[in-house]
Amino acid sequence: MLIGVPKEGVNQPLVGATPDTVKKLISLGYDVRVQSGAGAYAHLTDQAYANAGAELTDDADAWGADLVIALDAPTDEHLALMRSGATLITRLAPARNPELLEKLRAAGVTAMAMDTVPRISRAQAMDVLSSQANVAGYRAVVEAAAAFGRLFTGQVTAAGKMPPAKVYVIGAGVAGLAAIGTANSMGAEVSATDVRPEVAEQVESMGARFVAIPAQQEVSSDGYAKEMSADQEMVARALYAKVAAESDIVITTANIPGRTAPILLDEDAVNAMRPGSVIVDMAAANGGNTALTVAGETIVTPGGVTIIGHSDLAGRLPGQSSQLYGQNVVNLLKLMTPGKDGELVVDLEDEIVRGITVTQSGEILWPPPPVKVSAAPAAAAAEPSPQERAAAAARAAEEAALAKRRTFFGLLAAALVGAALVLATPALAAGNYIVLMLAVVVGFYVITGVTHSLHTPLMSVTNAISGIILLGAILQIGSSNPIVSALSFVAIVVSSINIFGGFLVTHRMLAMFQKG
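Residues numbered from 1 in each chain as written. Predicted model: local features only at pLDDT ≥ 70, side-chain atom pairs only at ≥ 80, totals over all residues. Heavy atoms only, no water.

As named in an unreviewed UniProt entry, the protein is proton-translocating NAD(P)(+) transhydrogenase, taken from Schaalia canis. The UniProt entry for the protein carries this comment under Function (unreviewed entry): "The transhydrogenation between NADH and NADP is coupled to respiration and ATP hydrolysis and functions as a proton pump across the membrane." In its Subcellular location (unreviewed entry) section, the UniProt entry covering the protein states "Cell inner membrane". (UniProt positions renumbered as here; feature names shortened; annotations may be inferred.)

Here it is as structure tokens:
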């Protein structure tokens, strides 16, 4: 099959495939045509595509391919260039565009919406919403820093002390976590809120403070948070307004698929923020999370609060965003090209393929059947009877007594072996056992107190010690005393295992950081 990658105009700086992903598409058996200039906004030259094996073409041939990879829904002119039976892979927002679905159905196009990939584990590598949100979260902090006009990190200088900027992130999804990580790395004091209490650990692992709200939210079966009730929304808004008023920068990320973005900060909440504060509304394209957001524009309120409403933050980093989008498409086509022969297999029995297929064979297949991602709770165990509890307690007591007896006899055997060694040792060397015992005690507390990050160099030290033991044992192996010779042999074997085992473990650890 022939894949076409068109250029979509000045309003879309991304491109559906990069030279790197073109090579991967060709390895799946496809022929690839790229419209001249398609990657210009992402700084990807036509020559780079040609070197990757793509054929450069014009607008009509790119849209007229068997399989078209795009970023956004086609215009009527571009849809007219597609042939009946062709396949379109792009972002379609089908829940908000029923008229578009009808046009695609009438054109006989098999349309696949990359922005409806189901939230299941094996589909993560194809989830364009997550990959683009990750870039957008990073860019949101960059935009906020540019508009804030002050340092993020706190400093103590000869001229005085400067406190760190306070950043508040509402929503701890992919975009929110990316924003938290970026702001924290720039030295800001970061706090975050999410309606899902289970993300608190993720927020704190990124170095931020989690601000919980009393009205917690349920997670729906498709992996997204459900819409709040009126009472829950009122409680949450009060918290958002309170923390926002104490913050320098607020980043909002709340989106509900197929719906207008919820209002998190009303006009009063925005006006209560300090002059010079900045809001980055990452939901501006879907209506915005503040009452004053203007999609596609940056405004300054009469109170001096800057509200950034860029509609496509990921598009402001077109190189990386295009690569991530293109890799998402490659991962999808790996699933749909099982023979790696360039033949697309649309298997509607696969929940991923069914979830993204919105039109096929003149039919509209949207919405798809719901995908359940939450595991059913395990059935509660039956309450044991009093007799069963008594029997279990007796077994536990018997096992504890057996363990104590084993420990006692083990210590007794060790003591007897130690006494035999002392008695067999010449009188002049007997005092060395005190040094050995002290070394064991000190070594135990030193080694157990070493942090995990230093275990690799600690292994090198133990290898060196084992080497010294090995040399000493080799010198004593020929002793006329059979006990000394036997102990020397044991020391040679054990130290050799430690040395060569240490080298083997180190080699395997280093191999984890090698590509391929």
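**Q** What am I meant to see in the UniProt feature "transmembrane region" (unreviewed entry) in the protein here?
**A** UniProt records the feature "transmembrane region" (unreviewed entry) for residues 408-427, 433-451, 458-477 and 483-505 in the present numbering. Counted over residues 483-505, helix gives 100% and strand 0%. Its end C-alpha atoms are 33 Å apart. (Helix = DSSP H or I, 4+ residues; strand = E, 2+ residues; numbered from the N terminus.)

**Q** What's the story with the confidence of the model for the protein in this structure? I'm lost.
**A** The share of residues in the protein with pLDDT of 70 or more is 91%, and the mean pLDDT across the chain is 89. Below a pLDDT of 50 lies the segment residues 374-378, which in the model reaches 0 contacts outside its immediate sequence neighbourhood of four places, other chains included. (pLDDT = per-residue confidence, 0-100. Contact = heavy atoms within 4.5 Å.)

**Q** When you look at the sheet that holds strand β13 (residues 278-281) in this model, what are you seeing that I'm missing?
**A** With mixed pairing, the 7 strands of this open sheet are ordered in space as β11-β10-β9-β12-β13-β15-β14. The open sheet terminates on both sides in strands that have one partner only, identified here as β11 (209-210) and β14 (298-300). Alignment of strand β12 (residues 249-252) against β13, held across 4 bridges, turns out to be parallel. Bridging from a neighbouring strand, Val-250 pairs with Ile-279 of β13. Helix-sheet contacts for helix α6 (residues 128-148) involve β12, β13 and β15 (306-308), and the interaxial angle to β13 is about 155 degrees. (Pairing = 2+ DSSP bridges. Axes fitted to C-alpha atoms, helices over the stretch in contact; angles between N-to-C directions.)

**Q** What am I meant to see in the packing of aromatic side chains here?
**A** The geometry of an aromatic ring pair comes down to the distance between the two centres and the angle between the two planes. Per the stated rule, a full pass over the model turns up 2 aromatic pairs. Relative to Phe-409, the ring of Phe-408 lies with its centre 5.4 Å away and its plane at 70 degrees, an arrangement referred to as edge-to-face. Residue Phe-409 is classed as exposed on the basis of its relative accessible area, which comes to 53%. (Phe/Tyr/Trp six-rings, centres within 6.5 Å; stacked < 30°, edge-to-face > 60°. Buried < 20%, exposed > 50% of the residue type's maximum accessible area, 1.4 Å probe, protein only.)

**Q** Explain the packing of α6 against helix α11 (residues 318-336) to me, please; I cannot follow it from the model alone.
**A** Pairs of packed helices are described in terms of their axes, by the angle between the two and the distance that separates them. Close contact between α6 and α11 brings their axes to 9 Å; oriented N to C, the two are set at 165 degrees. Taken together, the axes of α6 and α11 are roughly antiparallel relative to one another. For the pair α6 and α11, the sense of crossing is right-handed. The segment α6 lies against α11, with Val-128, Ser-131, Gln-132 and Val-135 engaging Ser-321, Leu-324, Tyr-325 and Asn-328. Here the contact of α6 with α11 is built from residues that sort into 4 nonpolar, 4 polar and no charged. (Parallel < 35°, antiparallel > 145°, perpendicular 65-115°, else oblique. Left-handed = near helix turned anticlockwise from the far one by under 90°. Nonpolar A, V, L, I, M, F, W, Y, C, P; charged D, E, K, R; others polar.)

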